[in-house]
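# Residue-level structural notes
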Amino acid sequence: MNCRDCGNKAGFLIMVTDYKPLELWEFAGGTFTRYNQKDSGDMEKSIQCAVCGSDNIDTEGVDTENFSDKPLVILSEDEWEGKTAEFKKEEAPAAEEEEKKE
């Protein structure tokens with residue numbers, strides 16, 4: 001993927017909204033089983049650049065329809081903050097000095 005506005009190729013935020021249950025969890029006889037269906041119906045996806053927030057993204061052929069095929073990595077709140085901070089642009093030194101003056 002590539003952001004057409006800032007050139008970022010490393011991190012993108014995907015917001016997935018679905019209006020039907022994605023998973024059914026069953027607890028039976030001490031066993032936990034997760035069920036889902038590929039086509040979950042009324043679903044919307046939006047892709048944003050994690051650096052500049054632009055939605056002008058060239059997906060370069062990446063299959064965003066089958067995102068559920070990839071394993072889900074669950075992060076703690078601190079790990080999530082660290083991961084998203086990796087993509088944020090650093091503030092310019094002039095902006096930091098301006099804040100100090102105030």
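Now for a quick tour of the structure.

What follows concerns the pairing of strand S4 (residues 31-36). As judged from the six bridges shared by strand S3 (residues 23-28) and S4, these two strands associate in the antiparallel manner. Its bridge partner being in S4, Ala28 is matched across the sheet by Thr31. Connecting the antiparallel pair S3 and S4 is a turn made up of two residues, with Gly29 showing a positive phi of about 60 degrees.

What follows covers a negative patch on the surface. Side chains of Glu77, Asp78, Glu79 and Glu81 sit close together on the surface and give a patch of like negative charge. With respect to the element layout, Glu79 can be found in helix H1 (residues 77-85). For Glu79, a relative accessible area of 45% gives the class partly exposed.

Scanning the entire structure with this criterion turns up one aromatic pair. Judged by centre distance (4.8 Å) and plane angle (10 degrees), the rings of Phe27 and Phe32 are stacked. Since its relative accessible area comes to 63%, Phe27 is described here as exposed. When its relative accessible area of 41% is taken as the criterion, Phe32 is described as partly exposed.

Before going further, it helps to spend a moment on the side chain of Asn8. Relative to the helices and strands, Asn8 resides in the loop between strand S1 (2-3) and strand S2 (12-18). Among the polar contacts made by the side chain of Asn8, one reaches the main-chain amide nitrogen of Ala10 at a distance of 2.9 Å. Side-chain polar atoms of Asn8 contact the backbone oxygen of Gly11, separated by 2.7 Å. Those residues within four positions of Asn8 in sequence are excluded, and the remaining contacts are Met1, Asn2, Cys3, Cys49, Ala50 and Val51.

The next thing to look at is unusual backbone geometry. Of note in the backbone geometry, Glu60 takes a positive phi value of approximately 50 degrees without being a glycine. Of the residues examined, Glu60 reaches a relative accessible area of 45% and is grouped as partly exposed.

Moving on, we get to the environment of Arg34. Relative to the helices and strands, Arg34 resides in strand S4. Along the primary structure Arg34 and Glu23 are separated by 11 residues, whereas in three dimensions their C-alpha atoms are 6.5 Å apart. Once residues lying within four places of it in the same chain are set aside, the contact partners of Arg34 are Glu23, Leu24 and Trp25.

One finds Cys3, Phe12, Ile47, Cys49 and Ile57 forming the largest nonpolar core, which totals five residues. Among all residues touching Cys3, those that are not within four sequence positions of it are Asn8, Phe12, Cys49, Cys52, Ser54, Asn56 and Ile57.

What counts, and at which threshold
Residues numbered from 1 in each chain as written. Predicted model: local features only at pLDDT ≥ 70, side-chain atom pairs only at ≥ 80, totals over all residues. Heavy atoms only, no water. Pairing = 2+ DSSP bridges. Helix = DSSP H or I, 4+ residues; strand = E, 2+ residues; numbered from the N terminus. Patch = residues over 30% accessible without salt bridge, like charges linked within 9 Å, V, L, I, M, F, W, Y side chains within 5 Å. Areas by Shrake-Rupley, 256 points an atom, 1.4 Å probe, with all protein chains shown as cover. Salt bridge = Lys/Arg side-chain N within 4 Å of Asp/Glu carboxyl O. Lys, Arg positive; Asp, Glu negative; His and termini not counted. Charge placed at Lys NZ, Arg CZ, Asp CG, Glu CD. Buried < 20%, exposed > 50% of the residue type's maximum accessible area, 1.4 Å probe, protein only. Phe/Tyr/Trp six-rings, centres within 6.5 Å; stacked < 30°, edge-to-face > 60°. Polar contact = N/O pair within 3.5 Å; in protein donor to acceptor, adjacent residues only side chain to side chain. Contact = heavy atoms within 4.5 Å. Core = buried A, V, L, I, M, F, W, Y, C linked by side-chain atoms within 4.5 Å.

The analysis is restricted to geometry; functional conclusions fall outside its scope.
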